[in-house]
Structures are given as C-alpha cells and as structure tokens.
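Single-letter residue listing:
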Amino acid sequence: MSFEYVLEMNHITKHYGESTVLNEVTLRVRPGEIHALLGENGAGKSTLMNILFGMPVIHATGGFKGEVKVAGEVTHIHSPQAAMALGIGMVHQEFMLIPGFSITENIKLNREISKPNLVSRILGHELESLDHASMARDARAALDSVGVDIPEDTLVRTLPVGYMQFVEIAREIDKTGVKLLVFDEPTAVLTESEADQLISVMKSIAARGISIIFITHRLNEVMKAADTVTVLRDGKLVGSKPISQTNLTDMAGMMIGRGEEGIVTAPSREHALSGKVALKVRDLFVEMPGEAVRGLDLDVMEGEIIGIGGLAGQGKVGLPNGVMGLYPATGNVELFGEELPLNNPTAALAKGISMVSEDRRGVGLLLEESIEDNIAFNAIQVKKEFLTNVGVFKIRSGRSIRAHAREMIRNLDIRCTSPTQATGTLSGGNQQKVCIARALTMNPRFLFVSEPTRGIDIGAKSLVLDTLLRLNREQGLTIVMVSSELMELRSICDRIVIVAEGKVANILRPDSPDADFGLAMSGIKAQEEQTV
Amino acid sequence: MAERVVKRKDLREAARENLREYIVTYVFLALSVLFVVVSGRPLNDIFSQIVGRLSRNLFIVLALIIPIIAGMGINFAITIGAMAAQVGLMLVINWELEGITGLLAAAGITLPLAAFFGFLIGSLLNKMKGQETIGSLILGYFANGAYQLLFLFIFGNIIPLSDKVTIVGASGVANTLNMMGGGLYMAIDKIWSLPFTTALYGVSAVIVLASLALYFLKKISLKRLLALAVPAVFLSLVVLLVPPVYQVVKGTSVPMVTFLLVGVLCVFNVIIMRTRLGQKFRAVGQSRTVANAAGINVNRVRVIAIMISTVLAGWGQIIFIQNLGTLQTYAAHEMVGLYAGAAILVGGASLNRATNTQAVVGTLLFHILFTVSQDAGKNLFGNANIGEFFRVFIAYGVIAVALVMHTWRSNAIRKKNSLQA
Ligand SMILES: Nc1ncnc2c1ncn2[C@@H]1O[C@H](COP(=O)(O)OP(=O)(O)OP(=O)(O)O)[C@@H](O)[C@H]1O
Ligand SMILES: [Mg+2]
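Residues numbered from 1 in each chain as written. Chains lettered and ligands numbered in written order. Predicted model: local features only at pLDDT ≥ 70, side-chain atom pairs only at ≥ 80, totals over all residues. Heavy atoms only, no water.

## Here's the deal with the nonpolar core
Residues Leu7, Met49, Leu52 and Ile213 of chain A together with Phe281 and Ile344 of chain B are the most contacted members of the largest nonpolar core, which totals 141 residues. With twelve residues, helix α14 (residues 298-324) of chain B is the largest single contributor of residues to this core. Structurally, this core is a two-domain feature, drawing no fewer than three residues from each of domain 1 (1-87 + 178-262) and domain 2 (98-176) of chain A. Every residue in contact with Ile213 of chain A, bar those within four places of it in the chain, is listed here: Leu7, Leu27, Val29, His35, Leu37, Met49, Leu52, Leu180, Leu181, Val182 and Phe183 of chain A. Of all hydrophobic cores here, the second largest spans 50 residues; its members include Leu97, Val156, Val167 and Ala206 of chain A. (Core = buried A, V, L, I, M, F, W, Y, C linked by side-chain atoms within 4.5 Å. Buried < 20%, exposed > 50% of the residue type's maximum accessible area, 1.4 Å probe, protein only. Helix = DSSP H or I, 4+ residues; strand = E, 2+ residues; numbered from the N terminus. Domains from an automatic or database assignment. Contact = heavy atoms within 4.5 Å.)

In structure tokens, the structure reads:
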C-alpha cells in the first residue's frame, strides 16, 4: 500500500442555499483505524458523510467544493453506487431498511445471491432466480457476527429499534471488498450494553483492516473505541488528534468551545408528592418484540418524575409503548382514577398522555413541513388548540403558533434558520428536539419520555433535562422517563424503577448505592426492602 | 394466557381489516349478484359470455401488476401498448399474413414498438414521481392524438398501404379492419377448444396429479397440496353431481390456448418476483430512498417495469382483437387502460399492492356487471341505455374512489405515525 490515508477529504465546503454548513473541512482516515467524528447537533457531520457517500441530496443542492481521495487517488463520487464500488459502506443516521422485507432480504438488498436459470442464460443475470437458502445462510452469519439472535426471516417492520441498527451493521459487514465504513450515530438508538456490544463489533471489524468513521455524542464511547478524533464546530474544523492526546474534558471543550457542561441535578426533595396515584398499572403484558413486558404492576404518583431503568431487552421500553397502545397489550391500566383502554393510541392521547418515543429518527415528523407546523400539529389535531374563530370558521392562528415555536426553539436550543425551516433539512439531533417540543406542546397531564437525550449533544442534553424538570416543578406534570443512562435517571428522578424480565425488580431512590442498582438490574431485590 | 387473548383479538381485527381492505370487492360482488338476478337473463347464457370475456380481457389486466408492485400505481399507459399492437395487426392485414403466423408476426412487431414506447413512458413517469397514475392516464390521451395522426395521414400517404386496409378516395387507414377473411379471427382461440366440463375435469386432473407429484418430490408442503387439489376436486364434483350447475355450464366452450397464455402470464408474474429483478421491483416499490442507498438504479428499474407492462399489454390487445374479429382502428384501444385499471381495483388491488388473484377476481366481477348491465338497466329503468351509461360510470367511479382512498389512506398512515412519536 502506497498511501497513508484510506480516505482524505480536503478543504470541503458545502452551502445549503444561503447557509454555509461546511467550511474548508479536512478529514483524514488511516487504514484500519476507528476515527471518531464529533460535533454539536447541526455541526455538519452528517453532511460531510453524505458528501462522501454521494447522496442525491448533495448534488441536488448544488454539489460541494473540495477534493476527495480514496486510497490515495482523487475520486468523484456522484452516487451511492459509486461510493459502494469504491468500497465505502454507510450506516445512515436515518434507517435505510425496507420495513416490508425480511432481515435477510434487507441485508442482501441489491446483492442477492442467485442461480442461473433457462431464461437468465439468454436475457442476462438480472433474471436469475434468488437462492434464498444461501442468502439466509449469509444473513445468519452476519447477524451472528454482530451478536443478534433473532431469526433472519423476521420482517424488519416488527423489530425493535435497537435491532434495526444491528441489521444495518450486519448488512455492511456482509459486503465484500469494503475498505471504509461510516457509522452515523449508530449508538444513538442503542442501550449502553448494546452500545458496548457494538463497540466490540467495531473493533473486530477494524482488526480486519477496515477503517471506520464513527459519529457519536457519547464521549466515553469515543474514549473506549476510537484511535483518532476529529471535531467540527459550526461547519469548521476545530482539530484532529490521536485519542491518547486527549480526554473527556478536552473533547467537550473542542466541541462546544467551553468546558463540559455540568449535568443537571434536581435539588433532592422530601416527598412533596400528593399521595394520589396518577397511573395505576396492574398485570400488564405487552407483546413488543425484544422488549416484552410480562405481568408488570406499578403505581405512579401525581407530580413525580419516575425513572424506568434496566438492561436492554428486559422490557423497560415495553411499558410506555404498551400503555400508549402502540404494541398489543393486556392488563388493567387506570389514569387519574379512570380506566384507560389499551391498544388505542388515540384514546391515550385524548386522555392527556403524551409520549416522546425512543424510535424517533425521522419517523413521526412531517419532513416537508416547517418546524412550527410540526410542533403545533398534534395540538391542533387532537386538542383543537392554536385556532382562532373567524366568523363560523376556525382557522389556524399563525401568530400564536409562531410565538410558541420560538419559545420552544429557545428552550431546547433547536439549531435552525427560522421557525419556518422544513424539519427535513434539520440535523438529526435537532429533529429529535422538535419531537420533544411537539410532545410538550400537547400540554399533557402525563408524559412518557423514552430515551429523551439520545442523539442529542452534550450541551443540549442538560437543556432537555432542565426543561423536563421545570415542567414538573412549575406545572406539576407527572413524568415517566425511560432511559438506559443511569446517570440521567439519577439526576432528575424522584424514584427509579428497575425493570427486569418484564417485571418490576425494585424501586430505588436516586441516591441508593450503586450496588443496589446493579443487583436490581440482574433481577435480584436488595435484602433491605426499599419501598419509597 | 395473555398470548391467547391477544391472538383472539388478532382474529377479529384481521376480519375487520379484511373487510376494510376488500370493501370495494364485496360491494361489487353484491352488485353483480343483484344485477344478474334483475337482468332475468338465463344463467347459461351469462356464463358462456363471461368465459369469453375473461379469455380476451384477463391478459391485459394481468399486465398491470408489475408496475403496481414497483410502486408506480396503475399504468393507464398500457393503452399505448395496445396502440403498438394495432400497428402490428394493421400491417399484418396489409401484408395478408394469415392465421397464427399472422398473429405471431403482429406480436413480433409489437415487441420492439411497445418496448420502445414503454421506455419513453417510463422515462417520463420518472419525472413525475408520485403522480404516475394520473401521468400515465394523460400520456395515454396524448398518445391517442399521435396515433390518429399516424393512421390518418402518415400511413397510406407517406407509407404506402394496400387496399386491404385503406378505402379508395379517403385518406389514411380504414375505420374498421375486418379480420374474418385472413383467418386471423380467433386464430388463437380456435387452436384448441373444449367443452367447459371436459376442460374443468381435465385441468383438475392435471392439477391434482401435478401437485401430488410435487408433494412426493418434496417440492411443496402438505398444506400447499391440499390448497391446490381440494378446490379442483371440489369444483369438478359440484359440476358433476349438482344438475342445475351442470345445466348452466354445459353449453360453454373454452378456448384452451388462450387461457393457457393467461396461465403462463400468471406464472410469469409470480416467478419474476423471485428473481434479482423482481426483488428490485419490490424494493423500489416500498422505498425509493432505501433502494437508492442500496445502490439500486431506481429510475432504470421503474423504466423496465413499464416496458414489460407495455409489451404485455400489447400482446393482450392482440388476444383481445383476434377474439372480436374486427379491428376498430380508431377506437379499439381507447378504453383499454380504463377498463383494465377498473377491473384490477374491483378485485381489491390498490395503487401499491396487486396480485394475480385480485386481477382475476376483479376482471370476473367487472365483466359480470358489464354483461348484464344493459338488461338490468332495461328491467330496472325501462331503458337499456342506462345500462350503457352505468358501465362507463362504474369504470370511472371505481378509479376515482381508488385514488381518493389511496390518498386518504396514506394521509391516515402519515398522521398515525406522527401521533405516535
Ligand atoms: N437538505 C438540507 N437543506 C438545508 N439545510 C440542511 C439540509 N440538510 C442539513 N442542513 C443543515 O446543515 C447543517 C448541518 O447538518 P448535519 O445534518 O450535517 O448536522 P450533524 O452534525 O449531523 O448534527 P446531528 O448531530 O444533529 O446529527 C444543519 O444546520 C442543517 O440544518
Ligand atoms: Mg447527523
């Protein structure tokens, strides 16, 4: 090999209309290294990767300036096909899977294994018949190598989000001739243990000589996995250094231009809880693949922030999804003393429950519509808010929507040009903030938030937690927060429920010893009953 | 226990889902029964008409399936395929080619013509993604203009033709081309035709034997074997043992080769989906973005889908015309796209999902209504013309409803998704 870098992107500049989203950025990746790419939401990471992968959005918006060298040679990548031909694979920030296809069909999409037949001998290899058995075998092997044990003929539509991510990675691994893989926030939808699993998969890929560009907002993952780190801020290169010459605080500083933000901590309060039950769950079963709930009982008190933690696959995510009616469920659920019908999302919304789903990458946002319309959408549809009377008609009140959207943009630090920007043109993290804003706009009596800070940069993280805390303290909103980051739960929750094997393993206080959390997560209740 | 409860709910939910999805089909089923009763026509007469209509119409309807699966909606531009076929037929009559040779020649001319037009249509539809159904409808009308020009002025004047297809003193190709003389009339149908009963027993026997053989060769499961063999045996037994049914079907004869061609197309539609190309059709149909990111040339796949559909529709038109025996030069193609599109929608297909069964069931129901609507109109309103209006009304009505339902459903899904997050 006569080249030092498998990839060089030199002096890349990209404009979207008026705004310059990349300005003379340079990125150099060595063979076989894991190269972390860091930056705040909207810093330009995904844009840089879209350029590398020849995504149509880049060329439809006037292309870019700069030079891309792959394996030492200058190349012009005009399409994903061209990128693939050069041995570049990509796991996009949005899912690139076909929901109606099986895992095998997705892994082998456009790389199907086929057998010649009579017709194909005459009309060409497009007409060869698929060899489902061999395809399934390859898919199985790829799934095994990323440690996923779900049957390969499962429809992708029915998979939980975390598994979809692994399917995408399995697809990239299955490709031959790959030199460079781009993972755009692969861990954003993963729990901590799944993320660890992913990191070990990445290391074994890198050990085979394949380079990896790894985008994440979790700095500890960077420390664990990466060899080199490059940081962008506002579309400019801040710096690039080997991991041995940096540390958490240094990286955080490079990203946001100041030291690491302290994580929010709620002043501990002795239970000023009303003592009334807000949500009563009895004998709840939820059929959510990979996150099944099996006979869960729980009382959520009015006015508290209750955290739901636990390992991946134990059912903590199944609880909000079951109560909201998004997955088939049985059992008894009462909300503020009234029975809540299950399997009926509209009823749940109408009763004043709102939910920020863990699965919010792109889904659920109307991507062509503006930020303000997205924020107001549910409130207009379900609660008939933001309407003014004009004679006998009700019309949308543009002014109040605008004012509200501006407030949300400020509170959550949504990086955008204006409230009328289309959500489809926001960066991934900022799209998620719009999802949160929309749920809060419903003025819910009861809020489920699932993984609220995933994919959100370290600076904005505390803003989100802060907002939740303020809504709770100022408006008495009852919040159930599902998170796989224990730190986050302990920072603002009044009580923390640990779910194991689909049931409540224990309910702990945020200041309970680490050991108790560890025990509860493995399904063991601490000796000393801690009913708070 | 929880699992069982969930299952029972699933069943009821599935029934409701089925009703919601096939509401159009059920309404048409009810209408068909009603109209058949009201028309007062003898059943054996209706039955033999329906068999005839199925034999000449099914092929074209089946030609719509691939573009639907590729996410391009209903390809109303199959009309253009029919025009290509009519060019072929006209030339064949002009050259005085006879019988099956003549039809094969027409099919041979249709292939490159329709493929070329399909390429143009596909390329144009790629410029209007999301609006393909309307786009293809308009393209069909537009092409009709070009077709008129071709047949009225270019043929006969610039390209000389014999007096077989022109009228002395008038410009262009004659209005009506008679195919009775050249032995083109029913050239396919006549090859081999059997009484319905014989055909049914024969086909049933073949199905039973073939599926048994496949089962013992372990190519199909027991369930599949039963699903194939039981209906075949059952139908034969009904005809054999229930005299009223026998009375209805006994006078009808079946053009075996025509139906064989239809069968081959059904098998083709299934088999192609199991090839690399078919996988691309399905992927592009479900998500252009994902397909593109996987390196599939989306535009090319869509063009291929339309090309195949256009060629098949052309061949379907040849089958149709040989059965009629006359070619209405300036009208024969006009309703092709509309009627075929309506038929497949009646069968429960939507703008993004279609199967062979839906095509067959839809064609059956649509043509039952067609056959009896005049008599039903006469008996109900004392006016046969009302039945005639009714046909056109149904065809446009079904399509309008399907378009509205499609938009409505995709909006509902969009809304549901956004409420969840
Ligand atoms: N199609 C588009 N049209 C206009 N602006 C766009 C478009 N796509 C992205 N942008 C803008 O480019 C900037 C960089 O976005 P990018 O997606 O690269 O951010 P990112 O670093 O990946 O952030 P995140 O961590 O949130 O994913 C953002 O300000 C975004 O609004
Ligand atoms: Mg991004």
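Read on for the rest.
## Section: the site of ligand 1
Residue and element names in this part refer to chain A. Surveying the vicinity of ligand 1 reveals 21 residues, the closest of which are Ser46, Thr47, Thr425, Ser427 and Gly429. The contact in question runs from an oxygen atom of ligand 1 to an N or O atom on the side chain of Thr47, over 2.5 Å. Between ligand 1 and the protein, one listed contact pairs an oxygen atom with a side-chain N or O atom of His217 at 2.9 Å. Across the complex, the protein chains shield 86% of the 650 Å² of accessible surface that ligand 1 would expose by itself. Counting only elements with at least two residues in the shell around ligand 1, the list comes to α1 (45-52) and α15 (428-441). Per-class residue counts for the shell around ligand 1 are five nonpolar, 13 polar and three charged. (Near = heavy atom within 4 Å. Polar contact = N/O pair within 3.5 Å; in protein donor to acceptor, adjacent residues only side chain to side chain. Areas by Shrake-Rupley, 256 points an atom, 1.4 Å probe, with all protein chains shown as cover. Nonpolar A, V, L, I, M, F, W, Y, C, P; charged D, E, K, R; others polar.)

## Looking at the sheet that holds strand β17 (residues 338-339) of chain A
Residue and element names in this part refer to chain A. In spatial order, the strands read β14-β13-β16-β17; together these four strands make up an open sheet with antiparallel pairing. Looking at strand neighbours, the two that pair on one side only are β14 (293-301) and β17, the edges of this open sheet. Of the pairings in the sheet, the one linking strand β13 (residues 277-286) to strand β16 (residues 329-335) comprises six bridges and is antiparallel in character. For Leu279, the partnering residue across the bridge sits in β16 and is Leu335. (Pairing = 2+ DSSP bridges.)

## Focus on the interface of chain B and chain A
Of the residues lining the interface, 32 residues belong to chain B; the matching set on chain A comes to 42 residues. A buried area of about 3500 Å², summed over both sides, lies between chain B and chain A, and 60% of it is on carbon and sulfur atoms. At the junction of chain B with chain A, the criterion picks out two salt bridges. The closest approach of N and O atoms between Lys280 of chain B and Glu126 of chain A, which form a salt bridge, is 2.8 Å. For the pair chain B and chain A, the number of links is eleven residue pairs in polar contact (both at pLDDT 80 or more). In terms of residues, the side of chain B that touches chain A owes the most to one element, helix α12 (residues 276-286) of chain B, which gives seven residues. Its residues assigned to classes, the side of chain B that touches chain A shows twelve nonpolar, eleven polar and nine charged. (Buried area = accessible area lost by both parts, 1.4 Å probe. Salt bridge = Lys/Arg side-chain N within 4 Å of Asp/Glu carboxyl O.)

## Considering the packing of helix α3 (residues 43-62) of chain B against helix α11 (residues 256-272) of chain B
All names here are of chain B. Their axes nearest at 9 Å, the elements α3 and α11 cross at an angle of 30°. Classified by the angle their axes make, α3 and α11 are roughly parallel. Seen along the crossing, α3 lies across α11 with a hand that is left-handed. Here Val51, Leu54, Ser55, Leu58, Phe59 and Leu62 of α3 lie close against α11, whose contacting residues are Thr258, Phe259, Leu261, Val262, Leu265, Cys266 and Asn269. (Axes fitted to C-alpha atoms, helices over the stretch in contact; angles between N-to-C directions. Parallel < 35°, antiparallel > 145°, perpendicular 65-115°, else oblique. Left-handed = near helix turned anticlockwise from the far one by under 90°.)

## A look at the environment of Val57 of chain A
All names here are of chain A. Checked against the element boundaries, Val57 lands in helix α2 (residues 56-60). A relative accessible area of 37% places Val57 in the partly exposed class. Other than its neighbours up to four places away in sequence, Val57 contacts Tyr16 and Asn50.

## Description of the state of the cysteines
One pass over the structure, following the stated rule, counts zero disulfides over all chains. Cys416 of chain A provides the cysteine sulfur closest to Cys435 of chain A, a residue in no disulfide bond, and the two sulfurs are 14 Å apart. (Disulfide = S-S within 2.5 Å.)

## As for the domain arrangement of chain A
Residue and element names in this part refer to chain A. Splitting chain A by domain gives domain 1 (1-87 + 178-262), domain 2 (98-176) and domain 3 (277-521). If you average the C-alpha positions of domain 1 and of domain 2, the two centres end up 27 Å apart. In this assembly, domain 1 packs against domain 2 so that about 1100 Å² is buried in total across both faces, 71% of it on carbon and sulfur atoms. Taken together, domain 1 and domain 2 are joined by zero salt bridges. In this assembly, domain 1 and domain 2 are joined by three residue pairs in polar contact (both at pLDDT 80 or more). Every element with two or more residues in the side of domain 1 that touches domain 2 is listed here: β9 (180-184) and α8 (192-207). The dominant element in the side of domain 1 that touches domain 2, judged by the number of residues it contributes, is α8, at five residues. Residue composition of the side of domain 1 that touches domain 2, by class: ten nonpolar, one polar and three charged.

## Quick look at a nonpolar patch on the surface
Residues and elements named next belong to chain B. A surface patch of nonpolar side chains, about 620 Å² in accessible area, is lined by Leu19, Ile23, Tyr26, Val27, Leu29, Val33 and Val37. Examining the composition of the nonpolar patch, we find that six residues originate from one element, helix α2 (residues 23-39), more than from any other. Within the secondary structure layout, Val33 lies in helix α2. (Patch = residues over 30% accessible without salt bridge, like charges linked within 9 Å, V, L, I, M, F, W, Y side chains within 5 Å.)

## Focus on α12 of chain B
Burial within α12 of chain B is extensive, with eight of its eleven residues counted as buried. Residues of α12 of chain B that are buried: Arg276, Leu277, Gly278, Gln279, Lys280, Phe281, Ala283 and Val284 of chain B.

## Brief notes about the confidence of the model for chain A
Confidence in the prediction of chain A, expressed as mean pLDDT, is 86, and 93% of residues score 70 or more. Contacts of residues 526-532 of chain A to residues separated by more than four positions or lying in other chains number twelve contacts, the stretch itself having pLDDT below 50. (pLDDT = per-residue confidence, 0-100.)

## Things to note about unusual backbone geometry
All names here are of chain A. Positioned with a positive phi, Ala71 is a non-glycine residue whose angle comes to about 50°. On the secondary structure map, Ala71 appears in the loop between β4 (65-70) and β5 (73-75). In this structure, Asp234 takes a positive phi of about 50° despite not being glycine. Here Asp234 is to be found in the loop between β11 (228-233) and β12 (236-242).

## Remarks on α2 of chain B
All names here are of chain B. Given a rise of 1.5 Å per residue, 17 residues ought to cover 24 Å, and the 24 Å separating the end C-alpha atoms of α2 matches this to within 8%. Within the sequence span of α2, burial applies to Val24, Thr25, Phe28, Ser32, Phe35, Val36 and Ser39. Around the axis of α2, the buried residues are gathered within 100° of arc, so they sit on the same side. Of the residues in α2, the exposed ones pointing more than 90 degrees away from the buried face are Val33 and Val37. Looking one or two residues past α2, Gly40 carries a phi angle of roughly 70°, positive in sign. (Expected span 1.5 Å × (residues − 1). Arc of directions from axis to C-beta.)

## Details of the sheet that holds strand β24 (residues 503-508) of chain A
Residue and element names in this part refer to chain A. Ordered in space as β18-β21-β22-β15-β23-β24, the six strands form an open sheet in which the pairing is mixed. Each edge of the open sheet carries a strand with a single partner, namely β18 (353-356) and β24. Adjacent strand axes in the sheet meet at a mean angle of 20°, parallel and antiparallel pairs treated alike. Bridge count for strand β15 (residues 305-309) against strand β23 (residues 495-500) is four bridges, and the pairing is parallel. Of the residues in β23, the one forming a bridge with Ile306 is Arg495.

## Re the pattern of salt bridges
If you walk through the whole model with that rule in mind, you get 30 salt bridges over all chains. Taking the shortest distance from any N to any O, the salt bridge between Asp375 of chain B and Lys378 of chain B comes out at 3.8 Å. With Asp375 of chain B and Lys378 of chain B both in helix α16 (residues 356-381), this residue pair falls three residues apart, about one helical turn. Given the relative accessible area of 43%, Lys378 of chain B is considered partly exposed. When salt bridges that share partners are traced, they join Lys108, Arg111, Asp138 and Asp174 of chain A into one network.

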